[in-house]
Amino acid sequence: MSGTRRRFFQDAAIFGAGLLGMSESLQAQNEKRMPMRPREARHEHTPPPGTFLPMTTPDVADLPHEMDGKVRVFQIVAEPVKRKIAPFKTIDAWGYNGSCPGPTIQVHQGDRVRVIFENRLPESTSLHWHGLEIPIEQDGVPYISQKPVAPGEKYVYEFTVHQEGTFFYHAHSAMQEMMGQIGFFVSHPEKDYRPRVDHDYGLILQEWAVLPSNTVPNTASMEFNWLTFNGVSAPMTTPLLARLGSRVRLRILNLGMDHHPVHLHGHQFVVTGTEGGRAPQSTWYPMNTVLVGVAQARVVEFEAKYPGAWMIHCHLPHHMMNSMMDLLSDRPIETADQTDMKAMSQMESLAKSVPFEHLHHAPIAQNAESVPGFPQDAFMEMGMDEVVEKPETYGLPRNWSAGMMGMMTMIRVLPDKEYEAILARKNVPSTPMEHRHES
Ligand SMILES: [Cu+2]
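In this text, all values refer to a predicted model and were calculated from it rather than measured experimentally.

Visitor: So what's going on with the coordination of the copper ion? Residues and values would help.
Guide: Listed as protein donors to the copper ion are His260 (ND1), Cys314 (SG) and His319 (ND1); their distances from the metal cover 2.0 Å. Counting along the primary sequence, the residues that act as donors to the copper ion give the motif H-x53-C-x4-H. On the basis of relative accessibility, which here comes to 0%, the residue cysteine 314 falls in the buried class.

Written out as structure tokens, the structure reads:
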């Protein structure tokens, strides 16, 4: 091992800190609240008991807790949620505590957990703890392990988490799942994983069928027109940040109707865990696309070696786009036998209905209209940098948002100076890291 590394550990501060509702700068909050490890302890490899590097769920808050003796107590409310999934599209989803996906629960392996659950949905529901080895009374399956929780009623779950890994909670009713009733349940290991990571991020994959001019997902539909990471479509997804030379963990969770091959640009990764916990290092091999099946979690890790804004996206072509039908409203989309001028005027009229910067399209060939199949991606660029601006987008190339659609985000691997410039915009104190690899 060469050099030293500075690590940040979380103590109980993140919990019960009322983070919920400060979703905008959740990561900033986390970074602010994580006390730095004392200098003299830097070489120590085991985090102090009860501490861990928390996972950040971009665009979704953490669920706060209170302690009752040694029991970690969480409050979860199932309720309808309005979710803005794109600058021009807000849907009526269902979720938890005003969030869809629900807020992230983070515990420590060995914790005793109590969840006081309240149902404010118009129908009965329950909470299932996906992947956790807990007594049958806590399994959250209506009629099998408990009576359904009626609207207005409360129900208390309590169990000990003996596992480590990436789990989730969800309603155990298919249509409610498709309305968005899902959230992360992360159990941090008693002994930190090796090698350690400097950044830990979580993404929940969801798909939605929402007709134009409608706001309610059609949960019976098999055709999905909106694809989201953590409840938002690109370019509204908040870019992940990584300091150049750091090690990054990415936990990807899928609870929908489709399987998603998630691809990372510019880096290779290894799969270090599944929905069942950590995988032995002997099973790791290089990849850059991981298929995340329904009801699965895949945990990948990589060294952020190359500076740049690297895409992370589902590679299914139809999952790399947003539905534009909402912008068209009741007008037919013009895709065939059209002239450049007609297409342009349609795009311009779309752009007028939302605060986008309408880009002039990328160049087309002079004889484009005589080529069967034209147009495909021509005319589709829509820049909306200002609409989706946030500290994490600072410094991206102009019109970056025109290249971002659907189930897509990016990881910005940044040299110290640029990384710190963004932290400063998030009002996070500068936190230099002397990271070196443990080899
Ligand atoms: Cu996909």
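Visitor: Now, about the environment of glycine 383: what can you tell me, with residues and values included?
Guide: With respect to the element layout, glycine 383 can be found in the loop between helix H4 (340-352) and strand E20 (408-414). Along the primary structure glycine 383 and serine 401 are separated by 18 residues, whereas in three dimensions their C-alpha atoms are 5.3 Å apart.

Visitor: How would you sum up the packing of aromatic side chains? Please name residues and give values.
Guide: Counted according to the given criterion, the structure contains 9 aromatic pairs. Summarising the aromatic geometry, the rings of tryptophan 129 and phenylalanine 185 are spaced 5.8 Å apart at their centres and angled 70° between planes, so their arrangement reads as edge-to-face. In this pair, tryptophan 129 is assigned in strand E6 (residues 128-130) and phenylalanine 185 in strand E9 (residues 182-188), connecting sequence segments 56 residues apart. Of the two residues, tryptophan 129 and phenylalanine 185, both sit in the buried class. Their ring planes at 55° and their centres at 4.8 Å tell us that tyrosine 155 and tyrosine 157 sit as a pair that is tilted. Tyrosine 155 sits in the partly exposed class, given a relative accessible area of 24%. Taken together, the ring pairs in this structure connect Tyr96, Phe117, Trp129, Tyr155, Tyr157, Phe159, Tyr169 and Phe185 into an aromatic cluster. Above the face of the tyrosine 394 ring, arginine 425 is positioned so that its terminal group lies 3.5 Å from the ring centre.

Visitor: Can you tell me about the sheet that holds E6, naming the residues and giving the values?
Guide: Within the open sheet, the 4 strands sit side by side as E4-E9-E8-E6. Their pairing is mixed. Of all strands in the sheet, those with a lone pairing partner are strand E4 (105-108) and E6, marking the two edges. Each strand of the sheet is rotated relative to its neighbour by a mean of 25°, with strand direction disregarded. In terms of strand pairing, E6 meets strand E8 (residues 165-170) through 3 bridges, oriented antiparallel.

Visitor: Which residues make up the sheet that holds strand E18 (residues 297-303), and what values go with them?
Guide: Strands sit in the order E11-E10-E13-E18-E15-E16 across an open sheet of 6 strands; the sheet is mixed. Strands with a single pairing partner mark the edges of an open sheet, and in this sheet they are strand E11 (226-229) and strand E16 (277-278). Sheet topology note: the strand E10 (residues 199-208)/E11 ladder contains 4 bridges and is antiparallel. For glutamine 206, the partnering residue across the bridge sits in E11 and is threonine 228.

Calculation rules
Residues numbered from 1 in each chain as written. Predicted model: local features only at pLDDT ≥ 70, side-chain atom pairs only at ≥ 80, totals over all residues. Heavy atoms only, no water. Donors = N, O, S within 2.8 Å, 3.2 Å for Na, K, Ca; no water. Buried < 20%, exposed > 50% of the residue type's maximum accessible area, 1.4 Å probe, protein only. Helix = DSSP H or I, 4+ residues; strand = E, 2+ residues; numbered from the N terminus. Phe/Tyr/Trp six-rings, centres within 6.5 Å; stacked < 30°, edge-to-face > 60°. Lys NZ or Arg CZ within 6 Å of the ring centre and 35° of its normal. Pairing = 2+ DSSP bridges. Axes fitted to C-alpha atoms, helices over the stretch in contact; angles between N-to-C directions.

Limitation: the analysis is restricted to geometry and does not speak to function.
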